[in-house]
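Remarks on the overall topology
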Amino acid sequence: MNPTSDVGGVPAVFLDRDGTLIEDRGSLRSPAQVVFYEETVPSLRRLQKGFRLFIVTNQSGVGKGELTLEEARWVNAHVVERLREHGVDILAVYCCPHQRSDHCACIKPLPHFLLQAARDYRLDLGRSFVIGDHPHDVELARNAGATGIYLLTGHGRKHQTELSGNVIVTANIQAAADWILTGTGAVGIPLLSTKEVGRSNPM
Ligand SMILES: [Mg+2]
Ligand SMILES: [Zn+2]
(Lines give C-alpha, C1' and ligand atoms only; values in the text may rest on other atoms or scores of the structure.)
(Ligands and ions follow the chains in the order given, each with its own letter.)
Protein backbone atom coordinates (compact mmCIF):
# COMPACT_ATOMS: atom_id res chain seq x y z
CA MET A 1 0.00 0.00 0.00
CA ASN A 2 1.21 3.46 -0.78
CA PRO A 3 1.33 5.36 2.51
CA THR A 4 0.57 8.60 0.73
CA SER A 5 -2.82 7.23 -0.28
CA ASP A 6 -4.02 7.83 3.26
CA VAL A 7 -3.07 11.45 3.62
CA GLY A 8 -5.39 13.08 6.10
CA GLY A 9 -5.81 9.99 8.28
CA VAL A 10 -4.51 9.65 11.79
CA PRO A 11 -1.76 7.24 12.90
CA ALA A 12 -2.50 4.17 14.99
CA VAL A 13 -0.72 1.49 16.97
CA PHE A 14 -2.07 -2.02 16.59
CA LEU A 15 -1.23 -4.12 19.61
CA ASP A 16 -1.00 -7.86 19.78
CA ARG A 17 -2.59 -9.14 23.01
CA ASP A 18 -0.82 -12.25 24.35
CA GLY A 19 2.90 -11.82 24.95
CA THR A 20 2.63 -8.11 24.20
CA LEU A 21 0.14 -6.54 26.66
CA ILE A 22 -0.33 -9.55 28.92
CA GLU A 23 1.59 -12.71 29.64
CA ASP A 24 1.14 -15.48 27.06
CA ARG A 25 -0.31 -18.35 29.04
CA GLY A 26 -1.93 -20.18 26.15
CA SER A 27 -5.63 -19.91 25.41
CA LEU A 28 -7.15 -17.79 28.18
CA ARG A 29 -10.67 -18.78 29.12
CA SER A 30 -11.39 -16.29 31.88
CA PRO A 31 -10.31 -12.83 33.08
CA ALA A 32 -8.81 -14.46 36.19
CA GLN A 33 -6.02 -15.80 33.96
CA VAL A 34 -5.01 -12.36 32.66
CA VAL A 35 -1.67 -11.01 33.93
CA PHE A 36 -0.64 -7.61 32.59
CA TYR A 37 2.99 -6.72 32.11
CA GLU A 38 3.76 -3.85 34.45
CA GLU A 39 5.07 -1.79 31.52
CA THR A 40 1.80 -2.01 29.59
CA VAL A 41 -0.30 0.76 31.12
CA PRO A 42 2.38 3.49 31.25
CA SER A 43 3.51 2.63 27.72
CA LEU A 44 0.00 2.82 26.28
CA ARG A 45 -0.71 6.06 28.12
CA ARG A 46 2.25 7.62 26.36
CA LEU A 47 1.40 6.17 22.97
CA GLN A 48 -2.23 7.26 22.99
CA LYS A 49 -1.22 10.91 23.08
CA GLY A 50 -0.22 10.56 19.45
CA PHE A 51 -1.84 7.36 18.21
CA ARG A 52 -5.20 5.62 18.14
CA LEU A 53 -4.86 2.26 19.89
CA PHE A 54 -6.29 -1.07 18.74
CA ILE A 55 -5.81 -4.71 19.69
CA VAL A 56 -5.42 -7.35 16.96
CA THR A 57 -5.33 -10.92 18.21
CA ASN A 58 -5.38 -14.40 16.74
CA GLN A 59 -7.32 -16.74 19.05
CA SER A 60 -6.97 -19.96 17.09
CA GLY A 61 -7.82 -21.90 20.26
CA VAL A 62 -11.46 -21.08 19.47
CA GLY A 63 -11.26 -22.87 16.14
CA LYS A 64 -9.44 -25.75 17.81
CA GLY A 65 -12.11 -26.09 20.51
CA GLU A 66 -9.81 -25.06 23.38
CA LEU A 67 -12.09 -22.20 24.36
CA THR A 68 -15.35 -20.73 23.18
CA LEU A 69 -15.79 -17.51 21.25
CA GLU A 70 -17.66 -16.14 24.25
CA GLU A 71 -14.67 -16.86 26.51
CA ALA A 72 -12.30 -15.16 24.08
CA ARG A 73 -14.58 -12.12 23.96
CA TRP A 74 -14.90 -12.13 27.76
CA VAL A 75 -11.13 -11.97 28.14
CA ASN A 76 -10.80 -9.30 25.44
CA ALA A 77 -13.47 -7.18 27.13
CA HIS A 78 -11.70 -7.57 30.47
CA VAL A 79 -8.40 -6.41 28.99
CA VAL A 80 -10.08 -3.34 27.47
CA GLU A 81 -11.95 -2.57 30.69
CA ARG A 82 -8.86 -2.88 32.88
CA LEU A 83 -6.95 -0.58 30.54
CA ARG A 84 -9.82 1.91 30.53
CA GLU A 85 -9.79 1.95 34.34
CA HIS A 86 -6.17 3.04 34.06
CA GLY A 87 -6.83 5.76 31.52
CA VAL A 88 -6.03 3.86 28.33
CA ASP A 89 -8.58 3.93 25.53
CA ILE A 90 -8.62 0.95 23.14
CA LEU A 91 -10.89 1.88 20.23
CA ALA A 92 -11.56 -1.67 19.02
CA VAL A 93 -10.45 -5.26 19.45
CA TYR A 94 -10.09 -7.30 16.28
CA CYS A 95 -10.12 -11.01 17.05
CA CYS A 96 -9.66 -13.86 14.57
CA PRO A 97 -11.16 -17.02 16.09
CA HIS A 98 -10.15 -19.31 13.24
CA GLN A 99 -7.33 -21.79 12.89
CA ARG A 100 -4.89 -21.37 10.06
CA SER A 101 -6.27 -24.40 8.22
CA ASP A 102 -9.64 -22.61 7.95
CA HIS A 103 -8.04 -20.23 5.41
CA CYS A 104 -10.08 -17.32 6.70
CA ALA A 105 -9.54 -13.74 5.56
CA CYS A 106 -8.82 -12.28 8.97
CA ILE A 107 -5.97 -14.29 10.52
CA LYS A 108 -2.67 -12.45 11.02
CA PRO A 109 -0.57 -11.72 9.02
CA LEU A 110 -3.37 -11.01 6.54
CA PRO A 111 -4.08 -7.26 6.68
CA HIS A 112 -7.89 -7.55 6.71
CA PHE A 113 -8.47 -6.03 10.16
CA LEU A 114 -6.00 -3.19 9.64
CA LEU A 115 -7.64 -2.24 6.37
CA GLN A 116 -11.03 -2.37 8.06
CA ALA A 117 -9.79 -0.18 10.91
CA ALA A 118 -8.27 2.28 8.44
CA ARG A 119 -11.66 2.68 6.78
CA ASP A 120 -13.69 2.81 9.98
CA TYR A 121 -11.40 5.21 11.86
CA ARG A 122 -9.79 7.16 9.02
CA LEU A 123 -6.29 5.95 9.81
CA ASP A 124 -3.04 6.57 7.99
CA LEU A 125 -1.51 3.10 7.94
CA GLY A 126 1.72 4.45 6.50
CA ARG A 127 2.31 6.30 9.77
CA SER A 128 1.02 3.44 11.92
CA PHE A 129 2.71 0.62 13.81
CA VAL A 130 2.07 -2.98 14.79
CA ILE A 131 3.65 -4.23 18.03
CA GLY A 132 3.83 -7.94 18.72
CA ASP A 133 5.89 -10.93 19.81
CA HIS A 134 5.43 -13.14 16.75
CA PRO A 135 6.86 -12.81 13.23
CA HIS A 136 3.25 -12.69 12.03
CA ASP A 137 2.86 -9.34 13.74
CA VAL A 138 5.76 -7.89 11.77
CA GLU A 139 4.43 -9.42 8.55
CA LEU A 140 1.02 -7.96 9.33
CA ALA A 141 2.59 -4.52 9.44
CA ARG A 142 4.34 -5.09 6.11
CA ASN A 143 1.18 -6.37 4.47
CA ALA A 144 -0.70 -3.25 5.55
CA GLY A 145 1.99 -0.70 4.72
CA ALA A 146 2.69 0.00 8.39
CA THR A 147 5.82 -0.49 10.52
CA GLY A 148 6.23 -3.56 12.69
CA ILE A 149 8.02 -3.69 16.01
CA TYR A 150 9.02 -7.10 17.31
CA LEU A 151 9.10 -7.71 21.04
CA LEU A 152 11.25 -10.17 22.97
CA THR A 153 8.52 -10.74 25.56
CA GLY A 154 6.06 -13.63 25.16
CA HIS A 155 7.20 -15.92 22.37
CA GLY A 156 9.56 -13.29 20.99
CA ARG A 157 12.83 -14.97 21.87
CA LYS A 158 11.63 -18.36 20.66
CA HIS A 159 10.71 -17.11 17.18
CA GLN A 160 13.35 -14.43 16.74
CA THR A 161 15.37 -16.52 14.30
CA GLU A 162 12.35 -16.71 11.97
CA LEU A 163 12.42 -12.98 11.30
CA SER A 164 13.47 -11.88 7.85
CA GLY A 165 14.51 -8.54 6.44
CA ASN A 166 14.95 -5.38 8.44
CA VAL A 167 12.98 -5.66 11.65
CA ILE A 168 12.87 -3.32 14.60
CA VAL A 169 13.37 -5.43 17.71
CA THR A 170 12.79 -4.13 21.23
CA ALA A 171 12.93 -5.73 24.65
CA ASN A 172 9.30 -5.10 25.62
CA ILE A 173 6.37 -2.78 25.04
CA GLN A 174 8.00 0.04 26.97
CA ALA A 175 11.03 -0.02 24.68
CA ALA A 176 8.71 -0.20 21.68
CA ALA A 177 6.94 2.95 22.87
CA ASP A 178 10.31 4.62 23.37
CA TRP A 179 11.28 3.72 19.84
CA ILE A 180 8.05 5.03 18.32
CA LEU A 181 8.08 8.26 20.32
CA THR A 182 11.78 9.08 20.44
CA GLY A 183 13.62 6.76 18.04
CA THR A 184 15.64 5.10 20.78
CA GLY A 185 15.60 1.76 22.54
CA ALA A 186 15.79 -0.71 19.66
CA VAL A 187 18.13 -3.61 20.32
CA GLY A 188 17.75 -5.18 16.88
CA ILE A 189 18.67 -4.98 13.44
CA PRO A 190 17.44 -2.04 11.55
CA LEU A 191 19.44 0.85 10.44
CA LEU A 192 16.69 2.49 8.49
CA SER A 193 16.31 6.21 8.32
CA THR A 194 13.52 7.87 10.20
CA LYS A 195 11.73 8.52 6.95
CA GLU A 196 11.92 4.94 5.75
CA VAL A 197 10.42 3.44 8.87
CA GLY A 198 7.55 5.88 8.98
CA ARG A 199 8.07 7.56 12.30
CA SER A 200 5.22 9.95 12.75
CA ASN A 201 6.45 12.20 15.52
CA PRO A 202 9.86 13.46 14.52
CA MET A 203 11.22 15.65 17.25
MG1 LIG B 1 1.47 -12.68 20.84
ZN1 LIG C 1 -9.97 -15.43 10.91
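As shown above, the structure is provided for reference.
Since the structure is predicted, the reported quantities are computational estimates derived from the model, not experimental observations. (Residues numbered from 1 in each chain as written. Chains lettered and ligands numbered in written order. Predicted model: local features only at pLDDT ≥ 70, side-chain atom pairs only at ≥ 80, totals over all residues. Heavy atoms only, no water.)

1. Remarks on the sheet that holds strand 2 (residues 52-58)
Note the cut-off: Strand pairing is defined by DSSP finding a minimum of two bridges between the two strands. Helix and strand definitions here come from DSSP, where helices need a minimum of 4 consecutive H or I residues and strands a minimum of 2 consecutive E residues; each element is numbered from the N-terminal end. For helices, the fitted line uses only the C-alpha atoms of the stretch in contact; every axis is such a line through C-alpha atoms, and the angle between N-to-C directions lies from 0 to 180 degrees. When checking whether two residues touch, look at their non-hydrogen atoms; a contact exists if any pair is within 4.5 Å.
Strand order in this open sheet of 6 strands is 3-2-1-4-5-6, and the pairing throughout is parallel. One side of each edge strand has no neighbouring strand; the edge strands of this open sheet are strand 3 (90-96) and strand 6 (168-170). Pairwise comparison of adjacent strand axes, ignoring direction, gives a mean angle of 25° for this sheet. Where strand 4 (residues 129-132) meets strand 5 (residues 147-151), 4 bridges bridge the pair, whose relative direction is parallel. The residue of strand 5 that forms the bridge with phenylalanine 129 is threonine 147. With respect to the sheet, helix 5 (residues 135-144) is in contact with strand 2, strand 4 and strand 5, its orientation differing from that of strand 5 by roughly 170°.

2. Considerations on the pattern of salt bridges
Side chains that differ in charge, positive against negative, can pair when their charged atoms come close. We count it as follows: Whenever Lys or Arg places a side-chain nitrogen within 4 Å of a carboxyl oxygen from Asp or Glu, that contact is recorded as a salt bridge. In this scheme, a residue with accessible area under 20% of its type's maximum is buried, one over 50% is exposed, and one in between is partly exposed, where area comes from a 1.4 Å probe on protein chains only.
Taken as a whole and assessed by the stated rule, the structure comprises 8 salt bridges. Between aspartate 18 and arginine 17 there is a salt bridge, with the nearest N and O atoms lying 2.6 Å from each other. Taking the relative accessible area as the measure of exposure, arginine 17 reaches 1% and is therefore buried. Linking glutamate 23 and arginine 25 is a salt bridge whose minimum nitrogen-to-oxygen distance equals 2.9 Å. Here the salt bridges do not stand alone but share partners, grouping Asp16, Lys108 and Asp137 into one network.

3. Brief notes about the packing of helix 1 (residues 40-47) against helix 7 (residues 173-182)
Note the following rule: If an angle is under 35 degrees, it is roughly parallel; if it is over 145, roughly antiparallel; if it lies from 65 to 115, roughly perpendicular; otherwise it is oblique. Crossing handedness follows the turn of the near helix against the far one: under a right angle anticlockwise gives a left-handed crossing, and clockwise gives a right-handed one.
Where helix 1 contacts helix 7, the two axes come as close as 9 Å, and the packing angle between them is 15°. Put simply, helix 1 runs roughly parallel to helix 7. The hand of the helix 1/helix 7 crossing is left-handed. On helix 7, the residues touching Thr40, Ser43, Leu44, Arg46 and Leu47 of helix 1 are Ile173, Gln174, Ala177, Asp178, Ile180 and Leu181.

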